[in-house]
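Survey of secondary and tertiary structure
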Amino acid sequence: MEKPFYLKNSDDTKLFNELRKRVNQRVETLPQNRDVYIQIKAIILPLVYFGLYVFALFNADRPWVYISSFVLMGISLVLIYLNLIHEAAHNNIFKNKKLNSLVLQIFDVVGANSYIWKKRHIAAHHAYPNVDGWDTDIEQSGLLLIVPWIKAKGIQKFQHFFFFLVYPLYLFNWMFIRDFRDFFDKERVILKTQGRIPVSEKIKMISFKLFYFFYQIAVPVLFFKVSIGLALAAWFLQVIAASVFALFVLLPLHPLPDNAFPKLDEKNGLPFSWIRHQLEVTNDLKENNWFVRNVLGNFNFHVAHHLFPNYSYMYYNEITEEIEQFAKENNLGYKRFPIFTALCKHVDLLKQNANNAYFILEE
């Protein structure tokens, strides 16, 4: 199938070239060693995750300590994703691609799959954000409807009432369903951009999944006398905590009623130029504090990431200043919301989609 293509607009191309020039000049004035902080995290965060695991094992006779340690592992898992995995996929931690690839392999050890996630993120999400049928991050399920111009059917008409029961299962779906379907289901979005997946990657995926469940559940039960019930409960709560925390950070950035979900025309063309598309489908968050910058990997500056993914998040504060000023000067649609406002807007999107508001407005 032919891949989507952006609207060609020479004026918008000039605009982006001017913005890129301003951003590059601004970054050149900044200290060039900022990525060292991410490199330090590449050592510390995995140590925290597995340190909590070892601590849990040696406190197996204290159920609440064991469970609490696993819940904190879930939180640290999300921090590993935000600070390390995401940046390694863009080769932004080290100048050496092999070192970035090594960091990316952490994802395999903690239950996901680095190969297919990088394909999803780079070749699908970054290439066609918020484009139905091409962005894997909004790939439709039978339960929840994200794209406004697809008509809600069945249980989707009540999604705004039960979404809070579905979202905590986000990583369960990722581990048990999504990864496997993306490897083996020919109807999945990822195969439009990836093509044939090497057999070696399929074997690697299954092997690491088995290893993950071995050390998460089997090792505590077989070697540390943890009951099966406690082992399963602690692991379950770990994944619930990670799911809720991850979506708390990720949901406010794209799937909002204020952001576009561009339709492809009959030739697979998109209605916006590349730069306008990124601004139409992405928003920033207003929060900008030590916690956001140093713990959440500056995910509040998501527009900067989509426009300049070759820079690490350590530079996004200043890059965003340039983007916001440039957008004002050139009447570009830059958007920024407080995080809780954005989360409420996401719920509004679910409600509007459940009520088929798009179709009512069309009529």
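Whatever comes next refers back to the structure up there.
Reference entry: report on the structure contained in this document. A quick note: this is a predicted structure, and the numbers were derived from the prediction, not measured.

Turning our attention to the packing of helix α3 (residues 63-89) against helix α11 (residues 228-250). Helix-helix packing is described using two parameters, namely the angle between the two axes and the distance between the axes. Running from N to C, α3 and α11 point in directions that differ by 35°, and their axes come no closer than 8 Å. The handedness of the crossing between α3 and α11 is right-handed. In the contact of α3 with α11, the residues fall into 23 nonpolar, two polar and no charged.

With a phi close to 55°, Lys-225 is a non-glycine residue in the positive phi region. Looking at the element boundaries, Lys-225 is found in the loop between α10 (199-223) and α11. Despite not being glycine, Asn-268 has its phi angle at roughly 75°, a positive value. On the secondary structure map, Asn-268 appears in the loop between α11 and α12 (274-281). Overall, the relative accessible area of 15% leaves Asn-268 in the buried class.

Rolled over the atoms, a probe with the dimensions of a water molecule shows which regions are left empty. Considering all chains together, one arrives at one cavity of 30 Å³ or more under this definition. In this model, the largest cavity occupies a volume close to 40 Å³. Lining the largest cavity, in full, are His-86, Glu-87, Gly-297, Asn-298, Phe-299, Phe-301, His-302, His-305, Tyr-313 and Tyr-316. Sorting the residues of the lining of the largest cavity by element identifies α3 and α14 (302-307) as the ones contributing at least two each. Of the residues belonging to the lining of the largest cavity, the class tally is four nonpolar, five polar and one charged.

The rules behind each value
Residues numbered from 1 in each chain as written. Predicted model: local features only at pLDDT ≥ 70, side-chain atom pairs only at ≥ 80, totals over all residues. Heavy atoms only, no water. Axes fitted to C-alpha atoms, helices over the stretch in contact; angles between N-to-C directions. Helix = DSSP H or I, 4+ residues; strand = E, 2+ residues; numbered from the N terminus. Left-handed = near helix turned anticlockwise from the far one by under 90°. Nonpolar A, V, L, I, M, F, W, Y, C, P; charged D, E, K, R; others polar. Buried < 20%, exposed > 50% of the residue type's maximum accessible area, 1.4 Å probe, protein only. 1 Å grid on protein atoms, 1.4 Å probe; cavity = no way out; pocket = protein on both sides within 12 Å on 5 of 7 lines; lining within 4 Å. Points joined across faces, edges and corners; volume = space filled by probe spheres on them.

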